[in-house]
Structures are given as C-alpha cells and as structure tokens.
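Residue-level listing of the chains:
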Amino acid sequence: MGEDSFIAWKDIYSVGIAQIDEQHQELINLTQRLHQACLGGTEAGRFYFKKAMHDLVNYVTFHFSAEEKLMEKIGFPGLPEHKREHENFVKKVLMDVKNFESGKAIVPNTFVRYLRQWILTHIAQTDQQYGIYVTQSLYKQGSDEPLI
Ligand SMILES: [Fe+2]
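Predicted model only: the values in this text are computed from it and were never measured.

> Whenever I open this one, the overall build of the protein confuses me. Can you help?
Of regular secondary structure, the protein possesses four helices and zero strands. In the protein, the succession of α and β elements from N to C terminus is α-α-α-α. Across the 148 residues that make up the protein, the buried fraction comes to 21%.

See the structure below:
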C-alpha cells in the first residue's frame, strides 16, 4: 500500500492469531476500497460505492461470526460485551446502508471515516483482549485442534 493509504495495516494490530490477522487485513483492504469508491461523484461512482458497501457488510458478518465462535471456543469471559460491540456496529452500518440506498443524505466520506475509526479502535483495543487471553495461555489449547 502506498503512502497515500486512507487506512493501512500495522504490525501492532496483530492479535497473535494468524487467521484473525488475515481477516483484519481484508477488512482494512475493503475499507480502503470503499474510500476509493467515494472519490468519484458520478452515477457510476455511486454504484461502485454501493457495491463496496455490500462487500464490506458481508465480510464484517463473516468475520464477526468467526471471532465470536473463537471466543466461545476458548471460553473468553468478555464475549457478551464484545458481541454487543459487534452488534451495535452492524446496526449502525446497516442503517447507513439503508439510508444511502433510499436516497437519504449520508455522506460517503463521513461514513468511511466512521468505519476507519471504529475498525482501527476495535482491532487495536477490543480484539487485543481475546488475543492476550490466548497468547498468555489463559486458555490452554488441548490437543492439536486448530483455534479457528
Ligand atoms: Fe471483534
């Protein structure tokens, strides 16, 4: 990614679980793409933005579900609160998508900035909590069963 990236992965975001880090990188890529989509103000740009929004929503749904399954599997005590954060985010994003599609004023740039802020804060803070739980061996993995 170039210097002009709107949003980019940094190693400090790692939660210490390779598959989750890959999913977070994909989430960041999709947000970057969404930002690029808002740069065009034409009808085609609007169509592209709508598609990028849907791609992001689909991926977020897949990723949150994977994370929640992982937290459940390791018996992470912060799961209910973490789940609530996910749900509130999805609710807000779906509301914005609905408003955008029904022609109501949502400013693509504001939407994408909100995404960047939420995703980076969530990855850098909230997701670290289950990462620490796993890596500090608070969860002892029995057998060689994969984590996710
Ligand atoms: Fe999360």
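Past the structure itself, the notes keep going.
> What is the right way to look at the packing of helix H2 (residues 43-73) against helix H3 (residues 79-101) in this model?
If you want to describe how two helices pack, look at the angle between their axes and the distance between the axes. It is at 11 Å that the axes of H2 and H3 come closest, and there the two elements cross at 170°. For the element pair H2 / H3, the angle class is roughly antiparallel. Here H2 contributes Lys50, Met53, Val57, Val60, Phe64, Glu68, Met71 and Glu72 to the contact with H3, which in turn contributes Leu79, His82, Lys83, His86, Val90, Val93, Leu94, Val97, Phe100 and Glu101. Its residues placed into classes, the contact of H2 with H3 shows eleven nonpolar, two polar and five charged.

> So what exactly am I meant to see when it comes to the nonpolar core here?
Looking at soluble globular proteins, one finds that nonpolar side chains tend to be buried together. Judged by nonpolar contacts, the single largest core of 17 residues is most densely connected at Leu34, Ala52 and Leu56. Put simply, the parts of the chain that give this core at least two residues each are helix H1 (18-37), H2 and helix H4 (108-135).

> Hey, could you run me through H2 in this one?
For an α-helix the count is 3.6 residues per turn, leaving residues at separations of three or four pointing the same way. Taking 1.5 Å as the rise per residue, H2 with 31 residues should run 45 Å; its terminal C-alpha atoms sit 45 Å apart, in good agreement. Turning to H2, its buried residues number three or more, namely Phe49, Ala52, Met53, Leu56, Val60, Glu67 and Met71. A positive backbone phi angle near 65° is found at Gly75, which sits one or two residues after H2.

> Would you explain H1 in this entry?
The terminal C-alpha atoms of H1, which comprises 20 residues, lie 29 Å apart, in line with the 28 Å expected from a rise of 1.5 Å per residue. Along H1, the positions that sit buried rather than exposed are Ile20, Gln23, His24, Leu27, Ile28, Leu30, Thr31, Leu34, His35 and Ala37. Residues of H1 that are buried sit in contact with H2 and H4.

> Quick question: what am I supposed to make of the environment of Phe64 here?
Inspection of the secondary structure puts Phe64 in helix H2. Assessed through the 18 C-beta atoms surrounding it within 10 Å, Phe64 is described here as partly exposed.

> So what exactly am I meant to see when it comes to the confidence of the model for the protein here?
Chain-level statistics for the protein give a pLDDT mean of 88 and a share of 89% at 70 or above. At the level of individual helices and strands, the protein shows its lowest average pLDDT in H2, which scores 91, and its highest in H3, which scores 95.

> Would you mind going over the packing of H1 against H2 with me for this structure?
Their axes nearest at 9 Å, the elements H1 and H2 cross at an angle of 165°. In terms of axis orientation, H1 runs roughly antiparallel to H2. Both H1 and H2 take part in a crossing whose hand is left-handed. On H2, the residues that touch Ile20, Gln23, Glu26, Leu27, Leu30, Thr31, Arg33, Leu34 and Ala37 of H1 are Gly45, Tyr48, Phe49, Ala52, Met53, Asp55, Leu56, Tyr59, Val60, His63, Ala66 and Glu67. Taken together, the residues that form the contact of H1 with H2 break down as 13 nonpolar, four polar and four charged.

Conventions adopted
- Residues numbered from 1 in each chain as written.
- Predicted model: local features only at pLDDT ≥ 70, side-chain atom pairs only at ≥ 80, totals over all residues.
- Helix = DSSP H or I, 4+ residues; strand = E, 2+ residues; numbered from the N terminus.
- Buried ≥ 20, exposed ≤ 12 C-beta atoms within 10 Å, placed from the backbone.
- Axes fitted to C-alpha atoms, helices over the stretch in contact; angles between N-to-C directions.
- Parallel < 35°, antiparallel > 145°, perpendicular 65-115°, else oblique.
- Contact = placed C-beta atoms within 7 Å.
- Nonpolar A, V, L, I, M, F, W, Y, C, P; charged D, E, K, R; others polar.
- Core = buried A, V, L, I, M, F, W, Y, C linked by C-beta atoms within 7 Å.
- Expected span 1.5 Å × (residues − 1).
- pLDDT = per-residue confidence, 0-100.
- Left-handed = near helix turned anticlockwise from the far one by under 90°.

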